[in-house]
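Reading the structure
Residues per chain, in single letters:
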Amino acid sequence: MTTTRDVIIAGGGRVGFQTAEILADRGHDVTIIEREEAVINSIADEWVATVIAGDATNPNIIEQAGIEDADVIAALTGETGLNLAVCLAAAELSPSIRTIARIDRAAGESYTRFVDALVFPERAGARTAANEIIGSDVQTLADVTATLDIMLIRVGDDAPAAGKQLSEVRFPDGTLIISDGEGDQVARPETMLTAGDRYLVAVEPAVADEVMNLLRG
């Protein structure tokens, strides 16, 4: 079955909120930490995530957000230094947590010694941040389409589609399996959907959940 992750996002601005929307749509539990009252009110109106008001560098605020039970913290404010501070504080409080920081592209890759992953949302959009948070089983490619999602999906061991040929699986309209499991051929009716292999899939948002259930379980 698809693993649901408990995610904390520091920063509820455009990037943080869009990332939270993507994760919530995929069934993950999201908590946003934000210090600006106007932003907090805007987020609360959307009912996308739990919202904690405060400074994400404050250990008490991070603990209030549930750092002990969280799988990932993503610091996605517009300030590189603040994002790194949030990740360092989170790692001190919960050493096993995955840390992700949004940084200025000009800052380079040297910060990887302090966090698990870096994102440059100005270049690739919130979907890239969501990819890093969720991990490698499902990846949505960078924002090259409007609403159509192009995803790289690993077939789950217990997925309904696992072990079946493409022609045997009743995918909903609005779905296109693009590549085979090796990634070297276009998928055909006889393409086998093998558990553990990854397939490139184009899907319309309205049927994304159904496709995920078929491929991930």
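Only a predicted model underlies this, so the values are computations on that prediction, with no experimental measurement involved.

Details of helix 1 (residues 14-25)
With twelve residues, helix 1 should reach 16 Å at 1.5 Å per residue; the first-to-last C-alpha distance of 16 Å fits that figure. Turning to helix 1, its buried residues number three or more, namely Val-15, Gly-16, Phe-17, Thr-19, Ala-20, Ile-22 and Leu-23. Following helix 1 by one or two positions, Gly-27 adopts a phi angle in the positive range, close to 90°.

Thoughts on the pairing of strand 4 (residues 72-75)
Residues Val-72 and Ala-74 point to one face of strand 4 and Ile-73 and Ala-75 to the other, with burial holding for every one of them. The sheet contact formed by strand 1 (residues 6-10) and strand 4 spans four bridges and is parallel. Within strand 4, the position partnered with Ala-10 by the bridge is Ala-75. Examined bridge by bridge, strand 4 and strand 5 (residues 98-102) share four bridges and lie parallel to one another. The partner of Ala-74 across the bridge, within strand 5, is Ile-100.

Considerations on a negative patch on the surface
On the surface, a cluster of negative charge is contributed by Glu-21, Asp-25, Asp-45, Glu-46 and Asp-209. Looking at the negative patch, the elements with two or more residues in it are helix 1 and helix 2 (37-46). Assignment of secondary structure puts Glu-21 in helix 1. The exposure class of Glu-21 is partly exposed, given its relative accessible area of 31%.

Definitions and cut-offs
- Residues numbered from 1 in each chain as written.
- Predicted model: local features only at pLDDT ≥ 70, side-chain atom pairs only at ≥ 80, totals over all residues.
- Heavy atoms only, no water.
- Helix = DSSP H or I, 4+ residues; strand = E, 2+ residues; numbered from the N terminus.
- Expected span 1.5 Å × (residues − 1).
- Buried < 20%, exposed > 50% of the residue type's maximum accessible area, 1.4 Å probe, protein only.
- Pairing = 2+ DSSP bridges.
- Patch = residues over 30% accessible without salt bridge, like charges linked within 9 Å, V, L, I, M, F, W, Y side chains within 5 Å.
- Areas by Shrake-Rupley, 256 points an atom, 1.4 Å probe, with all protein chains shown as cover.
- Salt bridge = Lys/Arg side-chain N within 4 Å of Asp/Glu carboxyl O.
- Lys, Arg positive; Asp, Glu negative; His and termini not counted.
- Charge placed at Lys NZ, Arg CZ, Asp CG, Glu CD.

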